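Given next are the chains, with one letter for each unit.
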Amino acid sequence: DAKTTQPPSMDCAEGRAANLPCNHSTISGNEYVYWYRQIHSQGPQYIIHGLKNNETNEMASLIITEDRKSSTLILPHATLRDTAVYYCIVRPQGDDKIIFGKGTRLHILP
Amino acid sequence: NAGVTQTPKFQVLKTGQSMTLQCAQDMNHNSMYWYRQDPGMGLRLIYYSASEGTTDKGEVPNGYNVSRLNKREFSLRLESAAPSQTSVYFCASSRDRMNTGELFFGEGSRLTVL
């Protein structure tokens, strides 16, 4: 079973920040949090990952709580092209069994 | 540099027929994966391979077999297709289990079993 829980869907106005939550309350010390997105029926695309510290790249920011039991993916200025299903997964270092949950379907509203 | 290439992209089978989905990556990755995605659902792991010569079952392995032919190629075989196997199949690869490498996905293979 997936180790993460995400809301099934969210709406965000175009130009605003999209904040996608993920709960991973059973995360272990060596497990990383990864975020992917899937646009329409394409193959999922990597966005960002982190262990303890907050991370930022050209696509998004990842905020991980101090207890590591939850995280938030932030798309700073959402556009219509960000409409997709976003998956939060945990991946332990040393384990290849990578399980996806059902993700959050993000709708960007014009 | 093509990344992860899957063939065929589309296939229609009759119940009971067999077929093999092919996957190849050119990134020198050690780990490879097969997922299936049913309409409106998330991805479910079928099988994965941590290295050449090794394979392991994922969440939904029944009805499938896999072969890690070499480091580049990981094939998925349906011996006797059933309508319940109608799905989109995604192959993915990553560097290795000890590296926090992200997954790279192919474009998917859309299979319909009548």
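**Student:** Give me the lowdown on the overall build of chain A, citing residues and values where you can.
**Tutor:** Of regular secondary structure, chain A possesses 0 helices and 9 strands. N-terminal to C-terminal, the α/β element order of chain A is β-β-β-β-β-β-β-β-β. A compact globule built from 110 residues should have a C-alpha radius of gyration of about 13 Å, and chain A, at 13 Å, falls within 12% of that. Seen through its principal axes, chain A has C-alpha atoms that stretch 40 × 30 × 20 Å. Buried residues in chain A amount to 45% of all 110 residues. At a minimum sequence separation of 6, the contacts of chain A that also span at least 24 residues come to 56%. Split by element, the accessible area of chain A, about 5600 Å² in all, is 48% carbon and sulfur. Taking the average location of the 11 positive side-chain charges in chain A and that of its 11 negative ones, the two points are 3 Å from each other.

**Student:** Go over the overall build of chain B, please, and point to the residues and values.
**Tutor:** The helix and strand inventory of chain B stands at 0 helices and 11 strands. Reading the secondary structure of chain B in the N-to-C direction produces β-β-β-β-β-β-β-β-β-β-β. For 114 residues, the compact-globule estimate of 2.2 N^0.38 gives 13 Å, and chain B sits close to it at 13 Å. For the C-alpha atoms alone, the extent of chain B along its principal axes is close to 40 × 25 × 25 Å. Every one of the 114 residues in chain B was classed for burial, and the buried ones make up 48%. Excluding contacts between residues fewer than 6 apart, the proportion of contacts in chain B whose partners are at least 24 apart in sequence is 54%. By element, 48% of the accessible surface of chain B is carried by carbon and sulfur atoms, the whole surface being about 5200 Å². Between the mean site of the 12 positive side-chain charges and the mean site of the 10 negative ones, chain B shows a separation of 4 Å.

**Student:** Run through unusual backbone geometry, naming residues and quoting values.
**Tutor:** Cis geometry is found at the peptide bond from Thr7(B) to Pro8(B), where omega equals -10°. Examined against the element boundaries, Pro8(B) turns out to sit in the loop between strand E1 (4-7) and strand E2 (10-13). The backbone of His40(A) sits at a positive phi, close to 50°, despite the residue not being glycine. Phi is positive for Asn28(B), which is not a glycine, with a value near 60°. Take Asn28(B): it is sitting in the loop between strand E3 (19-25) and strand E4 (31-37).

**Student:** How would you sum up the nonpolar core? Please name residues and give values.
**Tutor:** Residue and element names in this part refer to chain A. With 21 residues, the main nonpolar core has Leu20, Trp35, Leu73, Leu75, Tyr86 and Leu106 as its most contacted residues. Going through the elements one at a time, strand E2 (18-23), strand E3 (31-38), strand E4 (45-50), strand E6 (61-64), strand E7 (70-75), strand E8 (84-92) and strand E9 (104-109) are the ones with two or more residues in this core. The leading source of residues in this core is E8, at 4 residues.

**Student:** Report on the pairing of strand E5 (residues 43-49) of chain B, specifying residues and quantitative values.
**Tutor:** Each regular strand displays side chains that alternate between the two surfaces of the sheet. All names here are of chain B. In terms of burial, E5 is largely enclosed, as 6 of its 7 residues are buried. Here E5 pairs with strand E6 (residues 56-57) via 2 bridges, running antiparallel. Bridge assignment links Tyr47 to a residue of E6, and that residue is Lys57.

Reading the values: the criteria
- Residues numbered from 1 in each chain as written.
- Chains lettered and ligands numbered in written order.
- Predicted model: local features only at pLDDT ≥ 70, side-chain atom pairs only at ≥ 80, totals over all residues.
- Heavy atoms only, no water.
- Helix = DSSP H or I, 4+ residues; strand = E, 2+ residues; numbered from the N terminus.
- Rg over C-alpha atoms; globule rule 2.2 N^0.38 Å.
- Buried < 20%, exposed > 50% of the residue type's maximum accessible area, 1.4 Å probe, protein only.
- Contact = heavy atoms within 4.5 Å.
- Areas by Shrake-Rupley, 256 points an atom, 1.4 Å probe, with all protein chains shown as cover.
- Lys, Arg positive; Asp, Glu negative; His and termini not counted.
- Charge placed at Lys NZ, Arg CZ, Asp CG, Glu CD.
- Core = buried A, V, L, I, M, F, W, Y, C linked by side-chain atoms within 4.5 Å.
- Pairing = 2+ DSSP bridges.

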